[in-house]
Amino acid sequence: MGLLCSRGWLFFFYDPYLTEPAAFLLLTTAFLVLVRNRHLWLVAPLLALLAATREQFVGFVLPTYFWLRQRRFDWPALARTIGLLLPALVVFAALAILPTWAVQFLFLAMGW
């Protein structure tokens, strides 16, 4: 809503290579799925896609845990939160590590 009230949304049309619009859409969708609490498993693929666009999925940890918990410290809620965020962490780590391995493999293949 903040982008709609300001003129910040015009910048996204000016520079279409930015990943923020997709990240905002995925983050909003993940929050709506979490709040509706019907198909909670949908949060994991949404956060995995969000990890491919931006690193904002990390900020989803505390809201997820506090939404799922029933007591002051709830082990099942913590386990479900980790389970929902683990695919996004794997995608983010793969996107951070695989390009460097691919470059090293290409250099070895070319004999450099």
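Quick note: structure is the one above.
The structure reproduced in this document is the subject of the present report. (Residues numbered from 1 in each chain as written. Predicted model: local features only at pLDDT ≥ 70, side-chain atom pairs only at ≥ 80, totals over all residues. Heavy atoms only, no water.)

Turning next to the overall build of the protein. Within the protein one finds six helices and zero strands. For the protein, buried positions account for 24% of its 112 residues. Counting every atom, the protein has about 8,300 Å² of accessible surface; 73% of that belongs to carbon and sulfur. (Helix = DSSP H or I, 4+ residues; strand = E, 2+ residues; numbered from the N terminus. Buried < 20%, exposed > 50% of the residue type's maximum accessible area, 1.4 Å probe, protein only. Areas by Shrake-Rupley, 256 points an atom, 1.4 Å probe, with all protein chains shown as cover.)

Counting 21 residues, the largest nonpolar core has Val43, Leu47, Leu50, Phe57 and Phe60 as its most contacted members. If sequence neighbours within four positions are ignored, Val43 has contacts with Ala30, Val33, Leu34, Phe60 and Leu84. (Core = buried A, V, L, I, M, F, W, Y, C linked by side-chain atoms within 4.5 Å. Contact = heavy atoms within 4.5 Å.)

Quick look at the environment of Ala94 now. Tracing the backbone shows Ala94 in helix H6 (residues 75-110). Residue Ala94 is classed as partly exposed on the basis of its relative accessible area of 28%. When the C-alpha positions of Ala94 and Ala52 are compared, they lie 9.6 Å apart, and in sequence the two are 42 residues distant.

Among the residues of helix H5 (residues 61-68), those classed as buried are Thr64, Tyr65 and Leu68. Looking straight down H5, one finds that the buried residues subtend no more than 95° of arc, so they occupy a single side. Buried positions along H5 lie against helix H3 (20-36) and H6. (Arc of directions from axis to C-beta.)

Checked against the element boundaries, Asp74 lands in the loop between H5 and H6. Overall, Asp74 belongs to the buried group, its relative accessible area being 4%.

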